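If you want the building blocks of each chain, they are given just below.
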Amino acid sequence: MQILNLKETVNFMSYRKYAMAFSVILMIAALSSLFVNKLNFGLDFTGGTLIEVGFENSADLKQLREILANDGYGDAVVQLYGSSRDVVIRLAQRDGVKAEMLGNQILSLLKDGTGQELVMRRIEFVGASVGDELTEQGGLAMLTALLCILVYVAFRFEWRFALGSVFSLFHDVLLTLGLFSFLQLEFDLTVMAAILAVIGYSLNDTIVVSDRVRENFRKVRDANAEETINISLTQTLSRTVITSITTLLVLAALFYQGGALIHGFATALLFGVFVGTYSSIYVASAVALALGVSKEDMIPEVVEKEGADHQEMMP
């Protein structure tokens, strides 16, 4: 299926300097936001208490937040969970207060404030040490993924494509983190999972383009490296656009209908897939071209067999 029936090759690489300048500006802005605003880590990383409460009737989140804020729990994050009668409350860690005691205090406050019968469905506590461990393990997971990708692409294709791919993935992850830092969206384990998914999605797109570039280096003999990359990007553009649109449609449904608990997950994937599509066209290929990838790098050397000349001379 092709939705873009392009008869002429699009000269993508003629705009690579503008695209790279645009990417560098965005990366500097993302780094600045991470340095100034930092990430708004959720309870998974900072530690704290999660309480799920079942209400008799539909819960008024605004009223619940006011009740908790008036009693010294202004930092509470209150969200619906599954239905309008189920609510999840997240609280930061409090020294010297056990999770069960805190849960009973919250339940009592909400019961008196709303006048409804309440049921505590579950209560979970994440300690600060666990949060620190999750932060460390999450960072190591992303670093390990990038290093494994670097090694795989270097063996599968060529080191210039490997560096281009890893730089492209770093670009996508950094911009996604920058978005969460700038908007101060909560960064929890679901967002971490979304960023790892963005790495996988963006890598898949980059591998498809790199594979077509290698194939065209062998097939199109009278084109230079820039022309070959333009031909390859034009040939894969239709596939890239269709894949991205179908993925974005699913993620948009998750974003609008999935509820508050996966809002961060859907936001990270929506932005990451959009940026990953852009980077697979302009960042990975432009970096490989800037590093001097050429036809000779992609065509395997022909090894002359010993005695081949004598065999040709024989009748």
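Residues numbered from 1 in each chain as written. Predicted model: local features only at pLDDT ≥ 70, side-chain atom pairs only at ≥ 80, totals over all residues. Heavy atoms only, no water.

You'll find the protein chain entered in an unreviewed UniProt entry as Protein-export membrane protein SecF, with Thalassotalea piscium given as the organism. Quoted verbatim from the Subunit (unreviewed entry) field of UniProt, the annotation for the protein chain is "Forms a complex with SecD. Part of the essential Sec protein translocation apparatus which comprises SecA, SecYEG and auxiliary proteins SecDF-YajC and YidC." We quote the UniProt Function (unreviewed entry) comment for the protein chain here in full: "Part of the Sec protein translocase complex. Interacts with the SecYEG preprotein conducting channel. SecDF uses the proton motive force (PMF) to complete protein translocation after the ATP-dependent function of SecA." (UniProt positions renumbered as here; feature names shortened; annotations may be inferred.)

Novice: Help me out: how do you make sense of the domain arrangement of the protein chain in this one?
Specialist: Where the parts come together, the accessible area they lose is often given as the size of the interface. According to the domain assignment, the protein chain consists of domain 1 (12–40 + 131–297) and domain 2 (48–126). Its C-alpha centre places domain 1 at a distance of 39 Å from the equivalent point of domain 2. (Domains from an automatic or database assignment.)

Novice: Got a minute to help me understand the sheet that holds strand β3 (residues 77–81) in this structure?
Specialist: Within a sheet, each strand pairs with its neighbour through backbone hydrogen bonds, oriented either parallel or antiparallel. The four strands are arranged β3-β4-β2-β5 in an open sheet whose pairing can be described as antiparallel. The outermost strands of the open sheet, each flanked by one partner alone, are β3 and β5 (118–126). Neighbour-to-neighbour, the strand axes of this sheet turn through a mean angle of 20 degrees, independent of strand direction. Across five bridges, β3 lies against strand β4 (residues 83–92) in antiparallel orientation. Looking at the pairing, L80 lines up with V87 of β4. Helix α3 (residues 61–70) contacts β2 (48–55), β3 and β4 of the sheet and is inclined by roughly 150 degrees relative to β3. In the packing of helix α4 (residues 99–114) onto the sheet, contacts are made with β2, β4 and β5, and the angle to β5 comes to roughly 145 degrees. (Pairing = 2+ DSSP bridges. Helix = DSSP H or I, 4+ residues; strand = E, 2+ residues; numbered from the N terminus. Axes fitted to C-alpha atoms, helices over the stretch in contact; angles between N-to-C directions. Contact = heavy atoms within 4.5 Å.)

Novice: Which parts of the structure should I look at to understand the pairing of β4?
Specialist: On a regular strand, one side chain projects to one face of the sheet and the next to the other, so that they alternate. Bridge count for β2 against β4 is seven bridges, and the pairing is antiparallel. Bridged to T49 within β4 is L91.

Novice: What should I look at first to understand the UniProt feature "transmembrane region" (unreviewed entry) in the protein chain in this one?
Specialist: According to UniProt, the "transmembrane region" (unreviewed entry) feature falls on residues 18–36, 138–155, 162–183, 189–209, 241–262 and 268–291. Annotated as residues 138–155, this span is 100% helix and 0% strand, and its ends, taken at the C-alpha atoms, are 26 Å apart.

Novice: I keep staring at the nonpolar core and nothing clicks. Help me out?
Specialist: Side chains of nonpolar character tend, in soluble globular proteins, to be buried together. V153 and F187 are the most contacted members of the largest nonpolar core, which totals 49 residues. Listed by contribution, the elements that provide at least two residues to this core are α1 (16–36), α5 (128–156), α6 (159–183), α7 (189–219), α8 (225–257) and α9 (263–290). Sort the elements by how many residues they give to this core and α7 lands first, with twelve residues. Beyond its immediate stretch of four places on either side in the chain, F187 contacts L39, N40, F41, G42, F45, L177, M192 and I195. (Core = buried A, V, L, I, M, F, W, Y, C linked by side-chain atoms within 4.5 Å. Buried < 20%, exposed > 50% of the residue type's maximum accessible area, 1.4 Å probe, protein only.)

Novice: Is there a simple way to explain the environment of Q137 in this structure?
Specialist: Along the chain, Q137 turns up in helix α5. Between the alpha carbons of Q137 and F182 there is a distance of 24 Å; along the sequence they are 45 residues apart.

Novice: I would appreciate a short explanation of the packing of α8 against α9 in the present structure.
Specialist: Two quantities define a packed helix pair, namely the angle between the helix axes and the distance between the axes. The N-to-C vectors of α8 and α9 enclose an angle of 180 degrees; their axes lie 10 Å apart at closest approach. Looking at the two axes, α8 sits roughly antiparallel to α9. A per-class count over the contact of α8 with α9 returns 15 nonpolar, eight polar and one charged. (Parallel < 35°, antiparallel > 145°, perpendicular 65-115°, else oblique. Nonpolar A, V, L, I, M, F, W, Y, C, P; charged D, E, K, R; others polar.)

Novice: What exactly am I supposed to notice about the side chain of T277 here?
Specialist: Topologically, T277 is positioned in helix α9. Its relative accessible area of 14% is what places T277 among the buried residues. Here the side chain of T277 touches V273 through a polar contact of 2.8 Å, landing on its backbone oxygen. Excluding its chain neighbours within four sequence positions, the residues that come into contact with T277 are Y201, D205, T240 and S244. (Polar contact = N/O pair within 3.5 Å; in protein donor to acceptor, adjacent residues only side chain to side chain.)

Novice: Would you mind showing me how to read the environment of K98 here?
Specialist: With respect to the element layout, K98 can be found in the loop between β4 and α4. What makes K98 exposed here is its relative accessible area of 64%. Each C-alpha atom, one on K98 and one on T49, is 9.5 Å from the other, the two residues being 49 residues apart in sequence.

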